[in-house]
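Fold and contact review
One-letter residues, chain by chain:
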Amino acid sequence: MIKGIRGAPDILPEESGKWQALEIVARDVLDRYGYSEIRTPAFERTELFVRGIGEGTDIVEKEMYTFEDRGGESLTLRPEATASLMRAYVEHSLGAKSSLVKLYLIGPMFRHERPQSGRFRQFHQVDVEAVGSPGPAVDAEVVALLHHLLEAWGLRGIQLHLNSIGDPACRPAYRQAFVAYAEARRSALCPDCHVRLTKNPLRILDCKVPSCQQVAAGAPTISAYLCEPCRDHFAAVRSMLDGLKIEHAVNERLVRGLDYYTRTTFEFLNTALGSQNAVAGGGRYDGLVEELGGPPTPAIGFAIGEERILASLEAQQTPPESPTYTGVYVATAGAEAFPTALDLVQTLRRRGLRAALDLEGRSLKGQMRQANKDRYRYSVILGSDELARGQATLKDMLSGEQRAIPLSEVVEHLTRLPEREQA
RNA sequence: GUGAGCGUAGCUCAAAUGGUCAGAGCACUGGACUGUGGCUCCAGGGGUUGAGGGUUCGAGUCCCUCCGUUCACCCCA
């Protein structure tokens, strides 16, 4: 048996409905906020991610699915959406059409990590980006949008963590101060953090090792080092969120792992989820577009992990769907009724009804069982008796009542009956 | 990449110290109900016990290797 790829699960028929429901809500809410969908390819030149995400990041260093195409060019399956989206933004000069461009992208991302609960090698994100404005109002609206989305999905108990990590004017000073502080306490740090010290020192703030946390607790905080503009920006974002009654906690340890972030960073956490508990995360990245060869363009965005949203909904036992009885199952007694049944079913389908019949020559009993299992609201029984009299038997699968009606009126009759009924 | 746990029918699981141990429930198909679902009862199909090797008179049960899977670390959605 040829098996699927580890960490790239199939979404089976019984669960695809949940995904559809999730994405319908997302598209609806995004549309209300004025966002347009963009679809970019699932792969890009490797260079795009190396430059966009950052040479030293874990994603680029060890998690990318990279391969050479037949022309010898290095390509990579997208590990995240922002870089692709910004590439398209620059390539097609989307900024020329309006000063603030609002885009979203839904699709699979690929990262070569060891799978575990809430983490996959192919996973799905709803990625949202607002490009073109540096103002704090955009930050606030973007966070409010995400908050709105989670609410629309029915998620409960999600915490919002917020931080500002400064900009090129002030972050270097902080970084320097932090490194000096950490360097002095090197002996207390775990081996991983020794590596971080040179590669990505701020990540030490995130480390879970107790001794490192102690070091982190006494470390200089970013807030003390923010420059005037960054401080004002952050304060403005916070006060707008307060005005919108969106609860948030400032988490100075929230240092995101991608190089391109500036100023505002945020994460929505669900502590009910276990180890991989970030349900969505994002931030501002005012330098990325320029880094990719475009004009200096401020932007902010976030990504939502669809698997983690679904897991959260499972965890709180509110699956997105409830079974309904709809449509018509046409059962036949005797092979001679089949042509009539087939024709009837096709007609019903053209009239917009969900309709089916047995294609395997099963017994009437078997057909009725199928009708019940597939949640059909009505069944129509066609047999030699009915055909001889020019009639059909119409049965209500919920009440069990049945009666004979003229064959010629079946379609009309069924299209007038209530279409959807709760179980 | 590192560590730990687990791998028996489609699914969830049984099978005491190795000796009728290859089973049950659900699901599926058929029947009881001679043309009818959801309840009940009966029957049937389906497994080289993840793969390969070893120990033994004998292994699902012990040992080794590999593979898969789960959770955790790392990191992130």
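Everything here concerns the structure above.
To keep things clear, this report deals only with the structure shown in the data block. (Residues numbered from 1 in each chain as written. Chains lettered and ligands numbered in written order. Predicted model: local features only at pLDDT ≥ 70, side-chain atom pairs only at ≥ 80, totals over all residues. Heavy atoms only, no water.)

1. A word on unusual backbone geometry
We count it as follows: Helix numbering and strand numbering both begin at the N terminus, where a helix is a DSSP run of H or I of at least 4 residues and a strand a DSSP run of E of at least 2. A simple rule labels every residue: compare its accessible area, found with a 1.4 Å probe on the protein chains alone, to the largest value its type can have, and call it buried under 20%, exposed over 50%, or partly exposed in between.
The residue Arg263 is not glycine, and still its phi comes out positive at about 50°. Looking at the secondary structure, you find Arg263 in strand E9 (residues 262-269). With relative accessibility at 12%, the residue Arg263 sits in the buried group.

2. Digging into helix H2 (residues 46-53)
Rule in force here: We call two residues in contact when some of their heavy atoms are within 4.5 Å.
Among the eight residues that make up H2, six are buried, leaving the element largely enclosed by the rest of the structure. Buried residues belonging to H2 abut strand E2 (43-45), helix H3 (58-63), strand E3 (65-68), strand E4 (74-77), helix H4 (82-91) and helix H10 (288-291). The first or second residue beyond H2 is Gly54, which carries a positive phi of 115°.

3. Topic: the side chain of Asp358
To keep things clear, this is the line we draw: Any pair of N or O atoms that falls within 3.5 Å is considered a polar contact. Within protein, one atom must be able to donate a hydrogen and the other to accept it, and sequence-neighbouring residues count only if both atoms are side-chain atoms.
Within the element layout of this structure, Asp358 appears in the loop between strand E13 (355-357) and helix H13 (364-373). Side-chain polar atoms of Asp358 contact the backbone nitrogen of Arg362, separated by 2.7 Å. Residue contacts for Asp358: discarding those within four places in its chain leaves Tyr329, Val330, Phe338 and Gln367.

4. Remarks on the environment of His248
By secondary structure assignment, the location of His248 is in the loop between helix H9 (228-243) and strand E8 (249-250). The spatial distance from the C-alpha of His248 to the C-alpha of Leu160 is 4.9 Å, given a sequence separation of 88 residues. Dropping the residues within four chain positions of it, His248 is found in contact with Leu160, Leu162, Arg238, Leu241 and Asp242. One polar contact links His248 to Arg238, side chain to side chain, over a distance of 3.1 Å. Engagement of the side chain of His248 in a polar contact is seen with the backbone oxygen of Ile246, the distance being 3.1 Å.

5. What to know about the pattern of salt bridges
Proximity of charged atoms lets side chains of opposite charge pair with each other. This is how the line gets drawn: Throughout this description, the term salt bridge denotes a Lys or Arg side-chain nitrogen within 4 Å of a carboxyl oxygen of Asp or Glu.
For the coordinates displayed, the defined rule picks out 18 salt bridges. The partner of Arg284 in a salt bridge is Asp139, and the shortest N-O contact between them spans 2.6 Å. Here Arg284 is found in strand E10 (residues 278-284), whereas its partner Asp139 is found in helix H5 (residues 136-152), with 145 residues between them in sequence. Both residues of the pair, Arg284 and Asp139, belong to the buried class. Of the charged contacts in the structure, one is a salt bridge between Arg362 and Asp358, with a shortest N-O distance of 3.6 Å. The class for Arg362 is partly exposed, based on a relative accessible area of 31%.

6. Concerning the nonpolar core
Selection criterion: Throughout this description, the term nonpolar core refers to a set of buried Ala, Val, Leu, Ile, Met, Phe, Trp, Tyr and Cys residues connected via side-chain atoms within 4.5 Å.
In terms of nonpolar packing, the biggest core is built from 39 residues, with Tyr35, Trp153, Phe266, Phe268, Ile304 and Ile309 touching the most fellow members. No other element matches H5, which puts eight residues into this core. Counting residues in hydrophobic clusters, the runner-up holds 30 residues, among them Ile38, Val50, Val60 and Tyr285.

7. Topic: the packing of aromatic side chains
To be explicit about the condition: What counts as a ring pair is set by centres within 6.5 Å for rings of Phe, Tyr and Trp (its six-membered ring), and what kind of pair is set by the plane angle: stacked under 30 degrees, edge-to-face over 60, tilted for all other angles. Geometrically, a charge over a ring is one whose NZ (Lys) or CZ (Arg) sits within 6 Å of the ring centre while staying within 35 degrees of the ring normal.
On inspection of all chains with the given rule, the structure shows five aromatic pairs. Residues Tyr174 and Phe178 carry aromatic rings whose centres are separated by 6.1 Å and whose planes lie at 45° to one another, so their mutual orientation is tilted. Taken together, the residues span about one helical turn, with Tyr174 and Phe178 both in helix H6 (residues 171-184) at a distance of four residues. The exposure class of Tyr174 is buried, given its relative accessible area of 2%. On the basis of relative accessible area, Phe178 is assigned to the buried category, the value being 1%. Site record: aromatic cluster; members linked through ring pairs are Tyr174, Phe178 and Tyr225. Between the NZ or CZ atom of Arg354 and the centre of the ring of Tyr376, over which it lies, the distance is 4.0 Å.

8. Overview of the sheet that holds strand E1 (residues 36-37)
Applicable threshold: A pair of strands is considered paired only if DSSP assigns at least 2 bridges between the two. Between N-to-C directions, angles span 0 to 180 degrees; the directions come from axes that are lines fitted to C-alpha atoms, helices contributing only their stretch in contact.
One open sheet holds the eight strands; their spatial order is E1-E5-E6-E11-E10-E9-E7-E8, and the pairing between them is mixed. Strand pairing shows two members of the sheet lacking a second neighbour, E1 and E8, which therefore form its edges. Inspection of the sheet shows E10 paired to strand E11 (residues 299-305) by five bridges, in the antiparallel sense. Bridged to Ala280 within E11 is Ile304. Seen against the sheet, helix H1 (residues 13-32) touches E1, strand E5 (101-110) and strand E6 (122-131) and runs at an angle of roughly 160° to E5.

9. What to know about the pairing of E9
Counting buried positions along E9 gives eight out of eight residues, so the element sits mostly inside the fold. Two elements, E9 and E10, share six bridges in a ladder whose sense is antiparallel. Looking at E10, one finds that Phe268 is bridged to Ala280.

10. Quick word on the sheet that holds E4
As summarised here, the arrangement of the three strands in space is E2-E4-E3, forming an open sheet in which the pairing is antiparallel. The sheet is open, and its two borders are formed by E2 and E3, each paired with just one other strand. The average angle at which neighbouring strand axes cross in this sheet is 30°, direction not considered. Of the strand pairs in this sheet, E3 and E4 are connected by four bridges, and their pairing is antiparallel. Note on E4: the bridge partner recorded for Glu68 is Ser74.

11. Section: the side chain of Asp167
Positionally, Asp167 belongs in the loop between strand E7 (159-164) and H6. At a separation of 2.8 Å, a polar atom in the side chain of Asp167 contacts the main-chain amide nitrogen of Ala169.

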